[in-house]
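What follows is each chain in one-letter form.
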Amino acid sequence: MTNILIIAELAEGKVKKSTHSAITFARSVGAPFSILVIGQGAKGAAADVAAFGAAKLLVCDDAYLVGPVCERFAPTVAEVAKKGFDVVVVTASSFGKDVAPRVAARIGAGYVPDISSVKVDGDKLVFRRPVFAGNAYANCELTTAIKVVSVRQSEFTPAEPSGGASPTEDVALAAKDPAADRVEFIGLETAKSERPDLGEAKVIVSGGRALKEKFAEVLDPLAALLGAAVGASRAACDAGYAPPELQVGQTGRVVAPRLYFAIGISGAIQHLAGMKGSKTIVAINKDADAPIFQVADYGLVADLFVAVPELITELKKAT
Amino acid sequence: MKILVPLKRVSDPDNANKVKVTGGKLDASGLEWKPNPFDEYAVEAALRLTENGTNTKARVGEVVVVTFGPKEAETTLRAALATGADKAIRIDALDDALDGDVVARALKALVDKEKPDLVLLGKQAVDGDSNQVGQLLAEYLGWPQATFAASIKSNADKALIVSREVDGGALNLKLTLPAVVSVDLRIVAPKSVTSIHTPATHTYPDGVRFAALMAIMAAKKKPMTEVKLADLVTDAATKIKYTGFELPPSRKAGIKVKTVAELVEKLKNEAKAL
Ligand SMILES: Cc1cc2nc3c(=O)[nH]c(=O)nc-3n(C[C@H](O)[C@H](O)[C@H](O)COP(=O)(O)OP(=O)(O)OC[C@H]3O[C@@H](n4cnc5c(N)ncnc54)[C@H](O)[C@@H]3O)c2cc1C
Ligand SMILES: Nc1ncnc2c1ncn2[C@@H]1O[C@H](COP(=O)(O)O)[C@@H](O)[C@H]1O
């Protein structure tokens with residue numbers, strides 16, 4: 001009988017929305033699940049996921065768990081996992097990707113990273129995951145008794161609450177990993193932004209190398225008007241036009257908003273790997289042969305420096 | 001400082017010949033082999049940590065590159081030797097017989113023998129896009145880890161200040177060696193790696209270094225050893241079983257609009273995206 005353990009991700013005393021994708025995984029397997037809410041401030045954060053139908057909320061709140069340092073989290077996650085769970089799931093955020101393999105190695109479990117879907121086949125779970133920058137999908141299984149999985153936020157639509165209130169249970173911190181004494185958390189520098197997070201945004205306005213130093217000047221007004229998050233190609237980040245955390249692609253964020261604008265982006269496969277799943281894609285590029293037009297629902301061949309201001313004017317008229 | 005760099009050769013997905021799937025099997029035969037780009041960045045970062053940037057011929061540390069693969073994979077190791085790595089190890093194995101877990105367990109055994117101060121590797125191999133070997137290895141070794149490193153500052157070769165690229169920003173850690181660090185794209189920017197051996201004023205060219213012809217010749221004489229996988233792991237069974245491959249659903253071709261006004265009209269009335 002499958003019993004799933006979801007590892008919640010916390011930030012600033014709240015459960016991050018990315019966690020809702022892991023809940024969607026559990027619901028699509030159709031097995032009972034519990035949520036481990038772990039980190040400093042977990043007691044307060046647990047309420048955020050109380051109404052999703054979890055059998056239990058396991059809460060580990062300790063000042064030791066300050067900052068997402070995986071060496072501090074892994075021992076407790078591993079101890080909890082061994083108490084009757086056979087699937088451990090996280091969302092494949094930078095935190096999830098950091099901690100999940102460490103937990104898997106600790107308990108001798110197999111780990112499947114970054115899956116896009118799961119199928120129940122008798123008593124087997126078949127995982128599907130993109131490989132080769134999304135140019136192929138692989139089906140795979142794990143041979144171990146406990147299975148550790150990370151799920152793609154863009155492919156598992158965030159779960160909505162189902163009501164009720166799951167019972168909570170406190171979990172003690174497990175014996176410390178000596179490796180943790182050799183990591184010191186210095187700090188997390190986040191860019192302050194009123195824009196939604198790339199992983200959660202319904203609309204994303206992304207820019208490429210073509211924007212040059214005018215990246216923010218051109219895109220910010222459009223993003224503000226649409227309530228959109230801003231994304232970027234690697235070339236735009238590498239050149240310093242956009243901060244690195246905005247990078248969308250195989251090696252940046254993987255996103256699937258309702259509406260994605262690719263502006264002055266050529267459409268290299270590594271970029272497509274991060275946004276091909278978007279519902280509607282708009283491309284603005286002055287090169288009619290740019291590969292981005294092969295995935296765009298609506299393509300406009302134009303100079304972006306003329307087209308974007310015009311777009312802002314037209315949008316204001318239309319809404 | 002002694003640094004071990006695991007280096008994988010991958011078939012290049014960024015290629016005119018795309019990956020094919022026939023009868024549920026992956027066919028990468030039309031693709032060219034190339035070193036995993038992130039591993040090339042790891043080699044570059046390792047070299048920067050073990051030299052004086054103003055005189056890169058004199059080495060002040062050791063970089064050992066290691067790959068898992070058949071004899072032909074030695075080409076990838078030789079290329080790394082030509083850019084400056086000091087010695088190479090090939091662990092004889094077939095790609096199909098490996099998963100991240102076997103690679104990590106074998107690397108653990110190799111680390112026990114080679115005793116490096118640091119394992120520096122790519123954050124992910126761009127064929128499988130798994131992003132797991134560094135983390136698994138760190139746990140098997142009982143060492144601290146810093147994944148997705150965008151900059152590394154070496155503190156007297158005893159500790160590292162690592163800035164990690166995470167969702168929404170940069171997370172800074174101080175690691176006491178020995179440790180495992182996996183690198184991200186921006187580790188090869190001009191000022192991303194700093195060590196006590198290189199003057200603070202020194203700036204590297206952006207990207208990885210290329211091998212001079214002389215260095216390619218000299219690399220042929222550098223040590224290359226072969227180790228059997230079975231000498232490192234008694235249990236070489238993989239935990240992950242791939243059962244079949246498919247091509248992704250392709251997006252249906254869209255249309256080109258002539259004007260911005262037409263674009264807005266379509267977004268509003270056809271796509272209902274506004
Ligand atoms: C290991 C690896 C990982 C990578 N990961 C990623 C990743 O995660 N994400 C990513 O994006 N890339 C990634 N890349 C890089 C990728 O291969 C491309 O180099 C990159 O996406 C190109 O960015 P770009 O489209 O902004 O720039 P370019 O390719 O230079 O394209 C600029 C485009 O702008 C157009 N243009 C120029 N001027 C104008 C104008 N005035 N108006 C309108 N259009 C204009 C041009 O026609 C062109 O199509 C990766 C590469 C490697 C090797
Ligand atoms: N077969 C291999 N040979 C050498 N190094 C490997 C191999 N597989 C993975 N690695 C290393 O592990 C890193 C992460 O790979 P992965 O977890 O498979 O995405 C790569 O960037 C390599 O440094």
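Conventions adopted
Residues numbered from 1 in each chain as written. Chains lettered and ligands numbered in written order. Predicted model: local features only at pLDDT ≥ 70, side-chain atom pairs only at ≥ 80, totals over all residues. Heavy atoms only, no water. Helix = DSSP H or I, 4+ residues; strand = E, 2+ residues; numbered from the N terminus. Expected span 1.5 Å × (residues − 1). Buried < 20%, exposed > 50% of the residue type's maximum accessible area, 1.4 Å probe, protein only. Contact = heavy atoms within 4.5 Å. Domains from an automatic or database assignment. Buried area = accessible area lost by both parts, 1.4 Å probe. Salt bridge = Lys/Arg side-chain N within 4 Å of Asp/Glu carboxyl O. Polar contact = N/O pair within 3.5 Å; in protein donor to acceptor, adjacent residues only side chain to side chain. Nonpolar A, V, L, I, M, F, W, Y, C, P; charged D, E, K, R; others polar. Core = buried A, V, L, I, M, F, W, Y, C linked by side-chain atoms within 4.5 Å. Axes fitted to C-alpha atoms, helices over the stretch in contact; angles between N-to-C directions. Parallel < 35°, antiparallel > 145°, perpendicular 65-115°, else oblique. Left-handed = near helix turned anticlockwise from the far one by under 90°. Near = heavy atom within 4 Å. Areas by Shrake-Rupley, 256 points an atom, 1.4 Å probe, with all protein chains shown as cover.

Trainee: Would you mind going over helix H3 (residues 70–81) of chain A in detail, with residue names and values included?
Mentor: Residues and elements named next belong to chain A. For H3, which comprises 12 residues, the first-to-last C-alpha distance of 15 Å matches the rise-based estimate of 16 Å (1.5 Å per residue) to within 8%. Most of H3 is tucked away: 10 of the 12 residues are buried. Within H3, the full set of buried residues consists of Cys70, Glu71, Phe73, Ala74, Pro75, Thr76, Val77, Ala78, Val80 and Ala81.

Trainee: Can you lay out the side chain of glutamate 74 of chain B for me, pointing to particular residues and giving the numbers?
Mentor: All names here are of chain B. By secondary structure assignment, the location of glutamate 74 is in helix H2 (residues 74–83). With relative accessibility at 12%, the residue glutamate 74 sits in the buried group. Those residues within four positions of glutamate 74 in sequence are excluded, and the remaining contacts are Arg90 and Met224.

Trainee: Before we move on, could you go through the domain arrangement of chain A and cite the residues and values that matter?
Mentor: Where the parts come together, the accessible area they lose is often given as the size of the interface. Residues and elements named next belong to chain A. Partitioning chain A into structural domains gives domain 1 (4–182) and domain 2 (203–318). Once you take the C-alpha centre of each, domain 1 and domain 2 turn out to be 32 Å apart. Domain 1 puts 6 residues into the contact, and the matching count from domain 2 is 8 residues. Of the roughly 550 Å² buried between domain 1 and domain 2 on both sides combined, carbon and sulfur atoms contribute 50%. Of all residues in domain 1, the largest losses of buried area upon contact with domain 2 belong to Ala133, Arg152 and Ser154, amounting jointly to 70% of the total for that side. Between the two partners, domain 1 and domain 2, sit 0 salt bridges. Across the domain 1-domain 2 interface, the total number found is 1 residue pair in polar contact (both at pLDDT 80 or more). The residue makeup of the side of domain 1 that touches domain 2, split by class, is 1 nonpolar, 4 polar and 1 charged.

Trainee: Talk me through the nonpolar core; I want residue IDs and the actual numbers.
Mentor: Residue and element names in this part refer to chain B. Of all hydrophobic cores here, the largest spans 46 residues; its most connected members are Val5, Val65, Leu118, Leu120 and Val181. With 8 residues, helix H1 (residues 37–49) is the single largest residue contributor to this core. Other than its neighbours up to four places away in sequence, valine 181 contacts Leu118, Val119, Leu120, Leu121, Ala146, Ala149, Ile152, Leu160, Val162 and Leu175.

Trainee: Requested: an account of the packing of helix H3 (residues 100–114) of chain B against helix H4 (residues 133–141) of chain B, with residues and values cited.
Mentor: All names here are of chain B. Across the interface, H3 lies against H4 with an axial gap of 9 Å and an inter-helix angle of 45 degrees. Taken together, H3 and H4 sit at an angle that is classed as oblique. The element H3 and its partner H4 pack so that their crossing is right-handed. Counting all contacts with H3, which are made through Gly100, Asp101, Val103, Ala104, Arg105, Leu107, Lys108, Val111 and Asp112, the residues of H4 involved are Val133, Leu136, Leu137, Tyr140 and Leu141. Residues belonging to the contact of H3 with H4 are distributed by class as follows: 9 nonpolar, 1 polar and 4 charged.

Trainee: Which residues make up the site of ligand 2, and what are the values?
Mentor: All names here are of chain B. Taken together, 17 residues surround ligand 2, and among them Pro6, Asp39, Ala125, Asn131 and Gln132 come closest. One of the side-chain nitrogen or oxygen atoms of aspartate 39 is found 2.4 Å away from an oxygen atom of ligand 2. A distance of 3.1 Å separates a nitrogen atom of ligand 2 from a polar atom in the backbone of phenylalanine 68. Out of a free accessible area of 480 Å², ligand 2 has 96% covered by protein chains. Of all elements in the fold, only strand E8 (62–69) and strand E10 (118–122) reach the threshold of two or more residues within the shell around ligand 2. Among the elements that line the shell around ligand 2, the one with the most residues is E8, at 3 residues. Residues of the shell around ligand 2, tallied by class, amount to 8 nonpolar, 7 polar and 2 charged.

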